[in-house]
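So you can see what is in the structure, the chains are spelled out below.
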Amino acid sequence: MPAIFSHRFDTPLYTGNVYVQTGLFINGAFVDASSRTTIDIFNPSTGKVITQVSEGTAKDIDLAVAAARNAFNTTWGLKVPGSARGQLLYKLATLMEESLEELAAIEALDNGTAFGVVKGWVVPFSIGLIKYYAGWADKISGQVIETDEGRLTYTRHEPIGVVGQIIPWNAPLLMFAMKIAPALAAGNTVVIKPSELTPLSALRVCSLVQEAGFPPGVLNVVVGYGNTVGSALSSHMNIDKISFTGSTLTGRKIMEAASKSNLKNITLELGGKSPNIIFNDADVDQAVSWACHGIFFAQGQICFAGSRIYVQSGIYDEFLAKFTIRSKAHKIGDPFGVDSYQGPQISSTQTERVMGYIKSGVDQGAKVHLGGQRHGDQDGNFITPTIFTDTRPDMKIVQEEIFGPVSVVIKFEDQEDVIQQANDTIYGLAAAVFTQDISQAFEVGHALKAGTVWVNCYNEVHAAVPFGGFKQSGIGREYGSYALEHYVNVKAMHINIKHKMG
Amino acid sequence: MPETFKVELDTPIYKGSVSCNTGLFINGKFVDAVEGGTIDVINPSTGKLLTKVAAATSKDVDIAVEAAKKAYKTSWGLKVSGAQRGELLMKLATLLEANIDEFAALECLNVGKPWSESKGFDMKLTLQTLKYYAGWADKVHGKTIETNEQKLAYTRHEPYGVVGQIVPWNYPLTMVSWKIGPALATGNVVVLKPSEITPLTALKLAGLVQEAGFPPGVVNIIPGYGATAGAAMSLHPDIRKIAFTGSTLTGRKIQEASAKSNLKVVTLELGGKSPNIIFNDADLEQAVKWTAIGIFSNSGQVCTAGSRIFVQEGIYDAFIKAFSEAAAGVNTKTGDPFAEGTIHGPVVSQTQFDRVMGYIDAAKAEGATTFIGGERHSLTEGFFVKPTIFTDCTPDMKIVQEEVFGPVAAVVKFKTEDEVIEMANDSNYGLACAVFTENVSRAIRVSNALEAGMAWVNCNVTTEYNVPFGGYKQSGYGRELGAYAIDTYTQVKAVHINVGLRI
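Everything quoted here is computed from the prediction, not taken from an experiment.

Colleague: Would you mind showing me how to read the domain arrangement of chain B here?
Modeller: Many structure descriptions define interface size as the accessible area lost when the parts assemble. All names here are of chain B. Domain parsing of chain B yields domain 1 (4–270 + 477–492) and domain 2 (275–464). Averaged C-alpha coordinates put domain 1 and domain 2 at centres separated by 30 Å. Listed as interface residues are 33 residues of domain 1 and, on the opposing side, 28 residues of domain 2. Interface area for domain 1 against domain 2, summed over the two sides, is near 2,400 Å², with a carbon-plus-sulfur share of 62%. The three residues of domain 1 that bury the most area against domain 2 are P44, S45 and W169, which together make up 22% of that side's buried surface. Counting across the interface, domain 1 meets domain 2 through one salt bridge. Here E381 ties to K48 by a salt bridge, and the two come within 2.7 Å at their closest N and O atoms. On the surface where domain 1 and domain 2 come into contact, there are seven residue pairs in polar contact (both at pLDDT 80 or more). Elements supplying a minimum of two residues to the side of domain 1 that touches domain 2: α3 (100–111) and α4 (115–136). For the side of domain 1 that touches domain 2, the leading source of residues is α3, giving five residues.

Colleague: It is not clear to me how the environment of P275(B) should be interpreted in this structure. Could you clarify?
Modeller: Residues and elements named next belong to chain B. Residue placement: P275 occurs in strand β14 (residues 275–278). Residues P275 and S45 lie 230 residues apart in sequence; the distance between their C-alpha atoms is 30 Å. Filtering out sequence-adjacent residues up to four positions away, P275 remains in contact with R308, F310, A424, A432, C433 and A434.

Colleague: Would you take a moment to explain the pairing of strand β19 (residues 452–455) of chain A for this structure?
Modeller: Residue and element names in this part refer to chain A. A one-sided burial pattern is seen for β19, the buried positions being T452 and W454 and the unburied ones V453 and V455. Where strand β18 (residues 430–434) and β19 come together, four bridges link them in parallel fashion. Paired with A430 across the strands is T452, a residue of β19.

Colleague: Even after reading the chapter, I still don't get the sheet that holds strand β22 (residues 490–498) of chain B, so can you show me in this structure?
Modeller: Think of a sheet as strands paired side by side through backbone hydrogen bonds, with each pair either parallel or antiparallel. Residue and element names in this part refer to chain B. Pairing in this open sheet of three strands is antiparallel, and the strands run β7-β8-β22 from one edge to the other. Edge strands, defined here as strands with exactly one partner in the open sheet, are β7 (144–145) and β22. Two elements, β7 and strand β8 (residues 151–159), share two bridges in a ladder whose sense is antiparallel. Counterpart to I145 in the pairing with β8 is A153.

Criteria and cut-off values
Residues numbered from 1 in each chain as written. Chains lettered and ligands numbered in written order. Predicted model: local features only at pLDDT ≥ 70, side-chain atom pairs only at ≥ 80, totals over all residues. Heavy atoms only, no water. Domains from an automatic or database assignment. Contact = heavy atoms within 4.5 Å. Buried area = accessible area lost by both parts, 1.4 Å probe. Salt bridge = Lys/Arg side-chain N within 4 Å of Asp/Glu carboxyl O. Polar contact = N/O pair within 3.5 Å; in protein donor to acceptor, adjacent residues only side chain to side chain. Helix = DSSP H or I, 4+ residues; strand = E, 2+ residues; numbered from the N terminus. Buried < 20%, exposed > 50% of the residue type's maximum accessible area, 1.4 Å probe, protein only. Pairing = 2+ DSSP bridges.

What follows is the structure, encoded as structure tokens:
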């Protein structure tokens, strides 16, 4: 029997006891891993082990897929009406709401993002996502298409079947909600792999899934490594679709595995190097606030972070000065500290990666305008908010995704030039434009090759608005009604009522 | 201060109290009517007085509309997010679910409908409808439309503002949910007049609206007479849209009032004389069951009732025998809503009873054959009419042309498919139709050819909360239920933003 992780929180922002199952959640029960091995889960703030969780492997994926397939054929899919699926999702959201603070504490402990942010935004947003998709479950319709009166032609939007999902460590609970909600609403059953770095909030939610009364096998959670569990999911012959959020590098592997196995349907949400473009006529103070939010929120570990900040020459000095003051003022520290804004990077590996990029920036001749160092304990995972200036477009820090609190600020002159620079990337996840000029706002916004464009704001996501990438930032969309399109198979029915064959 | 109506019930099916406020629900509170009038509310199973409720007149309509306008500008409409509107609707549904038996019992008392219908159909559909529209509230989309790159063209689907809603007495609470669900989800504020005959469950729901925490003025529920409160609503200059379910006669008045006042948008769900067509190749046993449901459910007081029954000659004798046995069966289960096994209740009022009996007498006078029923039930208390089947009906007879709204079936024999389609379409109404055949091509061909807003194939009157509901011709226009109701309660604004075109 797998253990229960219990933890007492005694912090300025949260006190309480939490209990999290550490097994794999397969067929409605918490079970030991087939291999009987475990994974150490680390607290990124301290580098110390919090607990162990069961380590899933390919064998457990087989068990989970079998359970999911059985559920799809008997107690889920089109065997139950959409309203029933919606009601269960709504019940889950309600249970999460009742455990909101507890979930926030587990998440802040495991992921390192400031507790205030997780409690105030991440968890409520995740709950909102599940409620949103609960409402879609009985509203999935096809079309009836006029061809001629001798036929009835219509489409069915059927669930695809068993869906594999792989999520990253940067916003674990949000990623979990974002993936399972549309998949389940549309009638699919799910086998999901949380990141082996941050599985705790997902495991806590599994207890609520049990309590809500989902039939066993509808949702299965298997924690494990990418090259075992992730690989097993993407190459499984009995998984009909895979949805992945993570690095572009891994995204390629998933697509390859899909193509080599059963050509499963894939959606990918990958990396970004999103441009944030600030024109002379922008409200500079607002632009500074949003730009900070855009790159330093969640320690810069956001796929759509506004990491390339283009500032028009007329306001460059003013912007840079204010941006620097603002960034310096961020309090860095333990997620449960009273004023903490920025927490640790997720792991020592990631921290070293980010520091490596900072070094490359220095080596390639960019200027460290602010930061560029570890904060506090030199073996810890905290990095100072960093601003590079005087860069060249070919530098690694301008081209590659750093996934840390590191920004490059680039001066530009004219609109055409900055659009060209902004689009000069393999990525295309998001972009932003700051201007008060209505025509410029739309012209530039429409010209940017990105799946999300923000005008006079940044990082604004909403359950109902689609999100996803152009180019190598991904395939497919999440959020909104658009996500549902990726979780159904369209069947066209042609009913002949009049035409005779000779 | 308005009083609370409360009664203790001790019946085989329901034991406990049943209560509701008897005032008008305006601006978040229960109040007396300005002119102090009241309405007697009768129990149709006994003919006796249940309670009195406040009677709204035009003065109360004015106050309600003012409250609604204020709420729309400050605490509803697009001032709150769709997700917030959805949460409140879901909260209302949750509160209703927690009290569903009491609501079911109150509906039985006021309408006379059997417990099996009230709890098993009305309450179930009400809950489904409210939950369904709660889920729509944050999913009201416009479109962006490609024109050229120097323009951003898009549509907004905005609420109207203050909408007036008038609902009938045959499914009182369910009708309220069909109306307020989509209206509130899309951001409108509501002034709703329940029928003066059956106001009780609407008033009880108003109490839950309060408890759920809707901002005052968002939902106003004002029982009153059509000629006073209803007319005031249809003429009101600040009501931007009116939705009415009821008789075609009253529907005309509402449309006329709109034309004479502020051209408020009107949607109407009116009467029907729906054809129920049984072909030779129908599954006879199933066709009989569905046909009986189609005309005897709710004592025939259903707008979609399959009241003109066309039977192909090859199956006619077998059908009529089985159908009349079914009617006889229904008759034996007539009685009090709270008695075990009751499936047939009274019609809702003395007035309705007289109307239905009038049609029965006219049928006899015009030469139709009374195959079964055709008279009052032996229960002398209450307004019980026996399930009735007339045969040898001809197209010109009143019971073939006009809506009876009682448990009275008019049966007509036919020969061919083309003939029956023509006969079925020979009506000013076009609400629903039903087709019984085992042949897929015929099923689709015939349902395509019938002029009706709803077609049932091998079933009847099985309304789904997410499938649109409404009529053709003089059965009305506009659709309720499903995604279509979202369009009914929004108006479209097209926005053209010039992106860099200089002239």
